[in-house]
Amino acid sequence: MYDIETKNLVKKYGDLAAVNSVNLQIEEKSLFGLLGVNGAGKTTLIKMLTCLSVPTSGKAFVGGFEISENPDKVKEITDVSPQETAVAPNLTVEENLKFFAEIYGITDENHINNIVKSFDLDEVLRQKAKTLSGGWKRRLSIAIGLISKPKILFLDEPTLGLDVIARRELWKIIRSMKGKITIILTTHYLEEAEALCDKVAIMAKGNVMAAGTCEELKKIAKTNDFEDAFIKIAEGEV
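Residue indices begin from 1 for each chain and proceed along its sequence in written order. Whole-chain, interface and lining totals are the exception, using all residues; otherwise, since this is a predicted model, local features are given only for residues with pLDDT of at least 70 and side-chain atom pairs are given and counted only at 80 or more. For the side-chain quantities, the full set of heavy atoms in the structure was used; hydrogens and water were omitted.

Asks: Would you mind showing me how to read the pairing of strand E9 (residues 199-204) here?
Replies: Residues in a regular strand project their side chains so that they alternate between the two faces of the sheet. Throughout this description, buried means an accessible area under 20% of the type-specific maximum (1.4 Å probe, protein chains only), exposed means over 50%, and partly exposed covers the range between. Put simply, DSSP marks the helices as runs of H or I at least four residues long and the strands as runs of E at least two long, and each gets a number from the N terminus on. A large share of E9 lies buried, amounting to five of its six residues. One requirement defines pairing of two strands: DSSP has to find at least two bridges between them. Across four bridges, strand E3 (residues 31-35) lies against E9 in parallel orientation. Directly across from leucine 35, in E9, lies its bridge partner isoleucine 202. In this sheet, strand E10 (residues 207-212) lies alongside E9 in antiparallel orientation, the contact comprising five bridges. Bridged to alanine 204 within E10 is asparagine 207.

As structure tokens, then:
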């Protein structure tokens, strides 16, 4: 069962194809990585899959709903934790969670309490978001992404700029979500993709150059090093 399936999906800006006839199949409750250098088309693809941008041509099904035909349904079952930490700085952690719960019409206090517990937010619950470290802000931002009880969560560069310890702590949290919801992860940290993702797709110049497990991609590139495999595949050497 696929939670996301794209069929010849294209997004053009004038003559530039930011996403060029992309075909992807992402399994339900898997953790899927989108990899590529800046300008590869990852963000544009995510914008289409979350109905923030309209495709030029092709189709995409998210949770069984076609994005152009049922954008409201797609938005109901997806959420995004953006690269820029999405928190209200002058509210406490607890107030942030309650604020976003109110926006989504979530009245289930047990759901909020479970998120607090899962993300170990108890110790910073009364702190204003602007006083948190980068790691705690990212943790809160991802927690907010789960408030709406999404079926599919997009994590855009979740550990960008974090120190090694904060990054590994966030990895634990992301791992704890595996198998519960479908997660689409973008990252420039290749060791992160290897450590967390069930499968990945490598994009370059709007094209999906290859997709599969990290081990499969290393075999395609005939190397034991995933960074070498990424470079070879992204540069079209295989």
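Once you've had a look at it, read on.
Asks: Please clarify how the pattern of salt bridges should be interpreted in this entry.
Replies: Close approach of charged atoms allows side chains with opposite charge to pair. Salt bridge, as applied in this entry: a Lys or Arg side-chain nitrogen positioned within 4 Å of an Asp or Glu carboxyl oxygen. Throughout the structure, instances matching the rule amount to eleven salt bridges. As a salt-bridge pair, arginine 126 and glutamate 94 come within 3.0 Å of each other at their nearest N and O atoms. In this pair, arginine 126 sits in the loop between helix H4 (109-118) and helix H5 (134-145) while glutamate 94 sits in helix H3 (residues 93-104), placing the two residues 32 residues apart along the sequence. Residue arginine 126 is classed as exposed on the basis of its relative accessible area of 62%. Between arginine 167 and glutamate 191 there is a salt bridge, with the nearest N and O atoms lying 3.6 Å from each other. Taken together, the residues arginine 167 in helix H6 (residues 164-177) and glutamate 191 in helix H7 (residues 190-196) connect sequence positions 24 residues apart. Three or more residues are tied together by salt bridges with common partners; here these are Glu94, Lys98 and Arg126.

Asks: Would you explain the packing of aromatic side chains in this entry?
Replies: Each aromatic ring pair is described using two quantities: the centre-to-centre distance and the angle formed by the ring planes. Here a Phe, Tyr or Trp ring, Trp counted by its six-membered ring, pairs with any other such ring whose centre lies within 6.5 Å, and the pair is stacked when the planes are under 30 degrees apart, edge-to-face when over 60, and tilted otherwise. Enumeration over the complete set of coordinates arrives at one aromatic pair. Pairing phenylalanine 99 with phenylalanine 100 gives two aromatic rings, centres 5.3 Å apart and planes at 75°, and the pair type is edge-to-face. On the basis of relative accessible area, phenylalanine 99 is assigned to the partly exposed category, the value being 39%. Here phenylalanine 100 falls in the buried class, since its relative accessible area comes to 17%. Placement of a charge over a ring requires the Lys NZ or Arg CZ to be within 6 Å of the ring centre, with the centre-to-atom vector within 35 degrees of the ring normal. Positioned over the ring face of tyrosine 189 is arginine 167, at 3.7 Å from the centre of the ring.

Any functional reading would require information beyond the geometric quantities listed.
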